[in-house]
Amino acid sequence: ALDQQDMMFLANIQGKLGISAEKGEEMLLDTQKKIVSEEASALLDSGNATPEGIKAFREKCNSMGLDLEMDVGLSKTRLVSMFSMEITPGIDSGEITMESADMLAEIQESLGLTEEEGEEVIAGLIQERSKSILSDVIGCMLRGMDLAAVDSMERLGQYAAFVDGDLGLEVEESNANRAYNLFESKDWSGVDEEEAEKQKSLIRTAFGMSD
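Bear in mind the structure is a predicted one, so any value in this text is a computation, not a measurement. (Residues numbered from 1 in each chain as written. Predicted model: local features only at pLDDT ≥ 70, side-chain atom pairs only at ≥ 80, totals over all residues. Heavy atoms only, no water.)

Any chance you could explain helix α6 (residues 115–142) here in plain terms?
At 3.6 residues per turn, the α-helix brings residues three or four places apart onto the same side. Over its 28 residues, α6 runs 41 Å from end to end, which matches the ideal 40 Å to within 8%, given 1.5 Å per residue. When we look at burial in α6, the residues that qualify are Gly118, Val121, Ile122, Leu125, Ile126, Ser130, Ile133, Leu134, Val137, Gly139, Cys140 and Met141. For α6, the elements touching its buried residues are α4 (76–93), α5 (101–110), α7 (146–160) and α8 (173–184). Within two residues after α6, Gly144 carries a phi angle of roughly 75 degrees, on the positive side. (Helix = DSSP H or I, 4+ residues; strand = E, 2+ residues; numbered from the N terminus. Expected span 1.5 Å × (residues − 1). Buried < 20%, exposed > 50% of the residue type's maximum accessible area, 1.4 Å probe, protein only. Contact = heavy atoms within 4.5 Å.)

Encoded structure:
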């Protein structure tokens, strides 16, 4: 998409080069796409891409009306990677939750990914993080750090909420029972009963325990 400044420049070069309006616009759009494509390569190949940088680049392309795959030339693999990079900090911090579906859909759609592709990225990210947290929980219990184990389980519950507790974890029954007993007996003051039961159910499901 061309803005007012682009149109003024286009009118100027059309007169000088004696080309049609259509040809001039085509040339300018091709130049824009080439510049943005080079910018994408510089961003993604540097090894220093940040979630903020990914978001700013994505929004810039959207505002210019450029399709990241067709116009900028990014592969599906790169688009999936960009989606993962942009949402990971929000999921880790708890800023992105199940209630953030609209925001996740907006990012996914603007990258040209299908709903299924977006869900696959989120599920993979959550399972990866959950395995790491489970190791933390077990490690904390072995060292007698019960409060830290409970803190880790609270984070595990945030991830579990995305997939109804089905995190694909393998937990020994003895560890599952001990961990759940710690979680169940934590201080629930300030949490309404329905929410508390929901959190407990998610942890039970995550640990493969029957309700």
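Just checking my understanding: could you explain unusual backbone geometry for this structure?
In this structure, Asp164 is a non-glycine residue whose phi angle is positive, near 55 degrees. As for its placement among the helices and strands, Asp164 is situated in the loop between α7 and α8. What makes Asp164 exposed here is its relative accessible area of 64%.

What's the story with a negative patch on the surface in this structure? I'm lost.
A cluster of acidic side chains, namely Glu109, Glu115, Glu116 and Glu119, defines a negative patch on the protein surface. Sorting elements by how many residues they give to the negative patch places α6 first, with 3 residues. (Patch = residues over 30% accessible without salt bridge, like charges linked within 9 Å, V, L, I, M, F, W, Y side chains within 5 Å. Areas by Shrake-Rupley, 256 points an atom, 1.4 Å probe, with all protein chains shown as cover. Salt bridge = Lys/Arg side-chain N within 4 Å of Asp/Glu carboxyl O. Lys, Arg positive; Asp, Glu negative; His and termini not counted. Charge placed at Lys NZ, Arg CZ, Asp CG, Glu CD.)

This is a description of form; function is not addressed.
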